[in-house]
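Chain residues, written in single-letter form:
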Amino acid sequence: MADNIQLHPVRKSSKKHLYYNSGRHSRYQLEDEASHLDEMPLMMSEEGFENDESDYQTLPRARVNQRQRGLGWFLLGGWKILCTSCCEWLAHTCRRKKELKARTVWLGCPEKCEEKYPRNAIKNQKYNIFTFVPGGFVLAVTMVREAVDEVRRYRRDKEMNSQLYSKLTVRGKVQVKSSDIQVGDLIIVEKNQRIPADMIFLRTSEKNGACFIRTDQLDGETDWKLKVAVACTQRLPALGDLFSISAYVYAQKPLLDIHSFEGNFTREDTDPVIHESLSIENTLWASTVVASGTVIGVVIYTGKETRSVLNTSHAKNKVGLLDLELNRLTKALFLAQVVLSVVMVALQGFVGPWFRNLFRFTVLFSYIIPISLRVNLDMGKAAYGWMITKDENIPGTVVRTSTIPEELGRLVYLLTDKTGTLTQNEMIFKRLHLGTVSYGTDTMDEIQSHIVQSYAQVSSQSNGSSNSSTPSRKPQTAAPKVRKSVISRIHEAVKAIALCHNVTPVYESRTTVNGETEYTEADQDFSDDNRTYQASSPDEVALVRWTESVGLTLVNRDLTSMQLKTPAGQILTFHILQIFPFTSESKRMGIIVREEATGDITFYMKGADVAMTSIVQYNDWLEEECGNMAREGLRTLVVAKKSLSEEQYQDFENRYNQAKLSIHDRALKVAAVVESLEREMELLCLTGVEDQLQADVRPTLELLRNAGIKIWMLTGDKLETATCIAKSSHLVSRNQNIHIFRPVSNRGEAHLELNSFRRKHDCALVISGDSLEVCLRYYEHEFVELACQCPAVVCCRCSPTQKAQIVRLLQQHTANRTCAIGDGGNDVSMIQAADCGIGIEGKEGKQASLAADFSITQFKHIGRLLMVHGRNSYKRSAALGQFVMHRGLIISTMQAVFSSIFYFASVPLYQGFLMVGYATIYTMFPVFSLVLDQDVKPEMALLYPELYKDLTKGRSLSFKTFFIWVLISVYQGGILMYGALLLFESEFVHVVAISFTALILTELLMVALTIRTWHWLMVVAEFFSLGCYVASLAFLNEYFDLAFITTPAFLWKVSVITVVSCLPLYIIKYLKRKFSPPSYSKLST
């Protein structure tokens, strides 16, 4: 990072800081800090932070002397403070939201609820009847467009709210709409069905009383979460017994946090009363999907009180940057109109009723304000949306918000989700490395043949030794070291991968005559066609699927055992003695199993190379091969094993159980016991799994980077996974360093880590959501300034709310346009907060796609959407807007010249139909045809994405280009008016005929001058408008002398004035293009 950036702590008085924190949840709010920390330079040694964070709170704080309040205080301004306080209190009372409270929910009895809870309906609409109608009739076109968008949103919401669910009642099952579900209802959710409301998990068809759910719509994680049913209700013999018991659930008030829950389940009709504590593992949050079995739950939160809606920001009215720029220019034009009117009255000498004259001049110059600008732009936006939808190169693209297509051409930051957006969320086993030999996808058949051969040898040996008494339990470590054959090494590696995991095979259900769903007995039916694997990580499923493909199949698993099927169909049973689950701290998982046939006890372990290097025996290849696989974008796991004797295991088990019972430092003692086993383990193999990227992700990201767009990846996934995908997708280039921001929990740690980070140059940043929260709490401005200089930023473990906060942070601190792209429900907040939201319709559902401004089917389509359609929309609207302003300015200039010559008389130059025709039929079609113009061909825009950088600078529409158009309008208006006055001979009506005809021709020629690429419809529009004007001359005898306009004198005078008004501009344009051509013209030639 640049060393010259000074870092200063965020002051509490900072407006930006207060603005950012005001919308934040209470846990983000700052506590009072010691004043000396605010004065402390950020480049400080570590000694300054030896004290604990709590020391900050004990330092002395400034005391505020309260002023005595009396009559004097009231008279000297206190009354103002009181009035202000009363107004604020009144406003707060009117706007106050309903207070959220904890609740008691009776099972199956919604009518017992003490309060009225919100409807379980989804609402993405932005308006209601009171906020929509006052838009005014002036903006009729805008209202129609917004109404169409709103109707589409309503239809999408209605589709979601109309989904049918089975509700359990005393009379049996009834079908109920999602929007009609109430707190207290008992709802049945089938496999692969979306959970409609937040529920407590009561029962499941799974025999073990647990089920898996997919939460990718909620937190972006593809890991399946294991949920446990309430034991009391799971034990009930039948579903109907839920109504024969008297039970209720106490649930805490609705909160944002999706990872925690506190509640109680109480059954009153037993003696003693049954109480069960409820935690996050007993909940089924809305927008998650049931992955196994059928579940029954009682609804506790509905509608806007569900976790998913609380974590979703409300849809806002998005206004494009170009619209804001045009609004500023319109304000400048209004000021010019007022000033010009005042100048005219001043030059009159303020004689007579000058107020009336001022008003008349204001009306005469009203054409300076382009009233038709909004209509033209809205029609243009509709045309751009139609072109995007009809583009065959990006099929399936939908424009859901038609007000901001120009934003696609002004983006500086792209914030993207990872799972399902950059990746397909499909793990594929790619590489197995044994140290001396490596196997890839094309040599997996060799492994299969080795496995068949090895198990054939094992079965023959077991048959030959069947006469022997008890199996030998002597550990392998006692045997002398002998170089093992490749077959035995592959055998051990595949066996380790097939056993060391937390995967559960699940078999599809069959329906009985009674309609009850039951599952086939796993130990009786191991058919491959109906087996699916469930696990907390897709990597593990990929490994188990691979072992199945090479001949060793996991066919059954419960809490105490698992069974493998060999290529010959033999079933091997292993008893699970201990499991050590994967944690982000340990970065490894282990399992101790006993093989039933031999009684051998083996400790298997797999994990990240950083954790396993010190655990396995010395080798000279592991580090190098891990690096090679990482460069290929593969996610690596090191697999090792250790054979244990019965005595060794018993000793370990005793120490392990003792550690688990300890009261003090339990976690540390347990970890120490496990680590005693993790020594000198035998390295079996290194595996490489690929999370398949979406099609053409790498070239698309490279295209966006070359276009000057900075890409931030925001994901709820683990740090290691996010870093791996950042490398494999080339979001971080190969020669780029990565700075992994250390976990920080207080101000001192954040202070030191930021110092460390600012010394790095040109490196990508990887930071977790927790550390980001701490940095933003104390050093918001400094962190954003440093992060914005990084070529790429990866934020992992981000909650949906945090993603939206990062978007708002960039908008606030950089004032640049942001785009968010995602495909899951957890991305909706981010998409709605960004200036431009893009949703991908993928495996994670339609929620992000429906809430976005633009919906695409593949990530690669974003390249064409931005480079081609974004460019064209911005360039065309900029040209169209400025030309509509020019059209009003030129006729206002002519009016000003006319009034000046005729003693500042407030008399209109053109009246009646001439003014109406000028703004509509005579010039409307050629001007609007500018929406078909393009400066660069689509192929060229995609080949040279660097052209996009110019768009972000806003040079196509700025005060500079605006003043150039003002000068053109003043010049042409002056020439047209003075020329007509110089060349007319006898009657004033000839001035009107000459000047108006020259004006129409000038406007048509100026459109031709502005166009860069001709379209056949542009030619049609030019000649159609000219034909309409010539044809209408026969009916304009009220304004023109028909005898005069048919004479040669009229024709040559009009021609001369038109040439003088347009020819110099053509010459200037030619010279500028020759000596200072724009970048795109260099490419096109």
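Numbers given for residues are sequential positions, taken from 1 along each chain in its written order. Where local features are concerned, this predicted model is filtered to residues with pLDDT of at least 70; where side-chain atom pairs are given and counted, the filter is 80 or more; whole-chain, interface and lining totals use all residues. Excluded from the side-chain calculation are hydrogens and water; included are all heavy atoms of the structure.

Student: Just checking my understanding: could you explain the UniProt feature "active site" (unreviewed entry) in the chain for this structure?
Tutor: UniProt positions are given in the numbering used here, feature names are shortened, and annotations may be inferred rather than shown by experiment. Per the UniProt record, "active site" (unreviewed entry) is found at Asp417. The secondary structure listing takes helices from DSSP runs of H or I that are at least 4 residues long and strands from runs of E that are at least 2 residues long, numbered from the N terminus. Within the fold, aspartate 417 resides in the loop between strand S15 (411-416) and strand S16 (423-433). Every residue pair with non-hydrogen atoms within 4.5 Å of one another is taken to be in contact. Apart from residues lying up to four places away in sequence, aspartate 417 is in contact with Leu422, Leu714, Thr715, Lys803, Ile821, Gly822, Asp823, Asp827 and Met830. Polar contacts, as used here, are pairs of N or O atoms within 3.5 Å; protein pairs need one atom able to donate a hydrogen and one able to accept it. Residues neighboring in sequence count only if both atoms are side-chain atoms. A distance of 3.4 Å separates a polar atom in the side chain of aspartate 417 from a polar atom in the side chain of lysine 803.

Student: Just checking my understanding: could you explain the environment of valine 991 for this structure?
Tutor: Tracing the chain through its elements places valine 991 in helix H34 (residues 988-1010). Burial classes follow relative accessibility: with a 1.4 Å probe on protein chains only, a residue under 20% of its type's maximum area counts as buried, one over 50% as exposed, and anything between as partly exposed. Exposure remark for valine 991: the relative accessible area of 0% places this residue in the buried category. Once residues within four sequence positions are removed from consideration, valine 991 is found in contact with Met977, Ala980, Leu981 and Phe984.

Student: What's the story with the pairing of strand S5 (residues 198-204) in this structure? I'm lost.
Tutor: Each regular strand shows side chains that alternate between the opposite faces of the sheet. Among the seven residues in S5, seven count as buried, and that is most of the element. Pairing between two strands is assigned when DSSP locates at least 2 bridges connecting them. Note: S5 against strand S13 (residues 295-301), six bridges, orientation antiparallel. Paired with phenylalanine 201 across the bridge in S13 is glycine 297. Relative to strand S11 (residues 283-284), S5 runs antiparallel, the two being bridged by two bridges. Counterpart to isoleucine 200 in the pairing with S11 is threonine 283.

Student: I'm lost on the environment of serine 586 in this one. Help?
Tutor: Its place among the elements puts serine 586 in the loop between strand S24 (571-580) and strand S25 (588-595). Separated by 22 residues in the primary sequence, serine 586 and alanine 608 place their C-alpha atoms 9.1 Å from one another. Setting aside anything within four residues of it in sequence, one finds serine 586 in contact with Pro581 and Ala611.

Student: In this structure, what is going on with the sheet that holds strand S7 (residues 224-228)? I would like to understand it.
Tutor: Whether parallel or antiparallel, the strands of a sheet pair through hydrogen bonds between backbone atoms. Here three strands make up an open sheet; going across it, the order is S7-S6-S12 and the pairing antiparallel. Strand pairing shows two members of the sheet lacking a second neighbour, S7 and strand S12 (289-290), which therefore form its edges. In this structure, strand S6 (residues 210-214) lies alongside S12, joined through two bridges in antiparallel fashion. Note on S12: the bridge partner recorded for isoleucine 213 is valine 290.

Student: Please explain unusual backbone geometry as it appears in this structure.
Tutor: One can expect most non-glycine residues to show negative phi and most peptide bonds to be in trans. A cis amide bond links aspartate 271 with the next residue in sequence, proline 272, at an omega value of 5°. Locating proline 272 in the fold gives a position in the loop between strand S9 (263-267) and strand S10 (274-278). We note that arginine 797 has phi near 55°; this positive angle belongs to a residue other than glycine. Even without a glycine there, the phi angle at alanine 815 is positive, about 60°. Relative to the helices and strands, alanine 815 is located in the loop between helix H25 (800-814) and strand S33 (817-822).

Student: Would you mind showing me how to read the packing of helix H10 (residues 321-348) against helix H28 (residues 861-901) here?
Tutor: When two helices pack together, their arrangement is given by the angle between their axes and by how far apart the axes lie. Axis definition: a line fitted to C-alpha atoms, over the contacting stretch in the case of helices. Angles run 0 to 180 degrees between N-to-C directions. Running from N to C, H10 and H28 point in directions that differ by 5°, and their axes come no closer than 12 Å. For the element pair H10 / H28, the angle class is roughly parallel. Between H10 and H28, the contacting residues are Leu322, Leu326, Leu329, Thr330, Leu333, Leu340 and Met344 on the first element and Tyr874, Ser877, Ala878, Gly881, Met885, Leu889, Ala896, Ser899 and Ser900 on the second. Under this grouping Gly is polar, as are all residues other than the nonpolar Ala, Val, Leu, Ile, Met, Phe, Trp, Tyr, Cys and Pro and the charged Asp, Glu, Lys and Arg. The residue inventory of the contact of H10 with H28, partitioned by class, reads eleven nonpolar, five polar and no charged. By definition in this entry, angles of less than 35 degrees are roughly parallel, angles greater than 145 are roughly antiparallel, angles of 65 to 115 are roughly perpendicular, and the rest are oblique.

Student: What should I look at first to understand the sheet that holds strand S8 (residues 247-251) in this one?
Tutor: If you walk across this open sheet you meet the four strands as S1-S8-S9-S10, and the pairing is antiparallel. Pairing within the sheet leaves two strands with one partner each, and these edge strands are strand S1 (103-106) and S10. In this sheet, neighbouring strand axes are inclined to one another by 20° on average, regardless of whether the strands run parallel or antiparallel. Looking at chain direction, S8 and S9 are connected through five bridges and run antiparallel. Counterpart to alanine 251 in the pairing with S9 is glycine 263.

Student: Got a minute to help me understand the side chain of arginine 410 in this structure?
Tutor: Along the chain, the position of arginine 410 falls in the loop between strand S14 (398-399) and S15. Of note is the side chain of arginine 410, whose polar atom sits 3.3 Å from the backbone oxygen of leucine 951. The residues contacting arginine 410, other than those within four sequence positions of it, are Leu321, Leu322, Glu325, Arg817, Tyr874, Tyr948, Leu951, Thr952 and Gly954.

Student: What am I meant to see in a nonpolar patch on the surface here?
Tutor: What makes a patch is a set of residues exposed beyond 30% relative accessible area and free of salt bridges, joined within 9 Å when like-charged and within 5 Å when nonpolar (Val, Leu, Ile, Met, Phe, Trp, Tyr). In short, Shrake-Rupley with a 1.4 Å probe defines the accessible areas, and a residue's cover is counted only from the protein chains shown. Whenever a carboxyl oxygen of Asp or Glu lies within 4 Å of a side-chain nitrogen of Lys or Arg, that contact is scored as a salt bridge. Residues Phe913, Val916, Ile921, Phe925, Trp1016, Leu1017, Val1020 and Phe1024 make up a contiguous nonpolar surface patch of about 750 Å² in total accessible area. Contributions of two or more residues to the nonpolar patch are made by helix H29 (913-919) and helix H35 (1016-1032). Ranked by the residues each element gives to the nonpolar patch, the list is headed by H35, at four residues. With respect to the element layout, valine 916 can be found in helix H29.

Student: I tried to follow the nonpolar core on my own but got confused; where do I start?
Tutor: Among the nonpolar cores identified, the biggest contains 76 residues, and Ile838, Phe854, Ile862, Leu865 and Leu866 are the most heavily contacted of them. Tallying contributions element by element places H28 first for this core, with twelve residues. Residues in contact with phenylalanine 854, not counting those within four places in the same chain, are Ile388, Val398, Val399, Thr401, Ile404, Pro405, Leu408, Cys836, Gly837, Ile838, Gly839 and Leu865. The set of buried Ala, Val, Leu, Ile, Met, Phe, Trp, Tyr and Cys residues whose side-chain atoms join them within 4.5 Å is what this entry labels a nonpolar core. Among the nonpolar cores identified, the runner-up in size contains 41 residues, and Tyr533, Leu552, Tyr604 and Val639 belong to it.

Student: Looking at this structure, I do not really get the packing of helix H18 (residues 646-661) against helix H19 (residues 666-677). What am I missing?
Tutor: Contact geometry of H18 with H19 gives a least axis separation of 8 Å together with a crossing angle of 165°. Here H18 is positioned roughly antiparallel relative to H19, judged by the angle of their axes. Pair H18 / H19 crosses with left-handed handedness. Between H18 and H19, the residues in contact are Phe652, Arg655, Tyr656, Ala659 and Lys660 and Arg666, Lys669, Val670, Val673, Val674, Ser676 and Leu677, respectively. Residues that form the contact of H18 with H19 fall into these classes: seven nonpolar, one polar and four charged. Whether a crossing is left-handed or right-handed is set by the direction in which the near helix is turned from the far one by less than a right angle, anticlockwise for left-handed and clockwise for right-handed.

Student: Looking at this model, I keep getting lost on the pairing of strand S27 (residues 635-644). Mind explaining?
Tutor: Burial of S27 is extensive: nine of the ten residues sit out of reach of the surface. Alignment of strand S26 (residues 601-607) against S27, held across seven bridges, turns out to be antiparallel. Residue threonine 602 lies in a different strand from S27, and its bridge partner there is serine 643. Pairing geometry for S27 and strand S28 (residues 682-693), over seven bridges, is antiparallel. Paired with lysine 641 across the two strands is glutamate 682, which belongs to S28.

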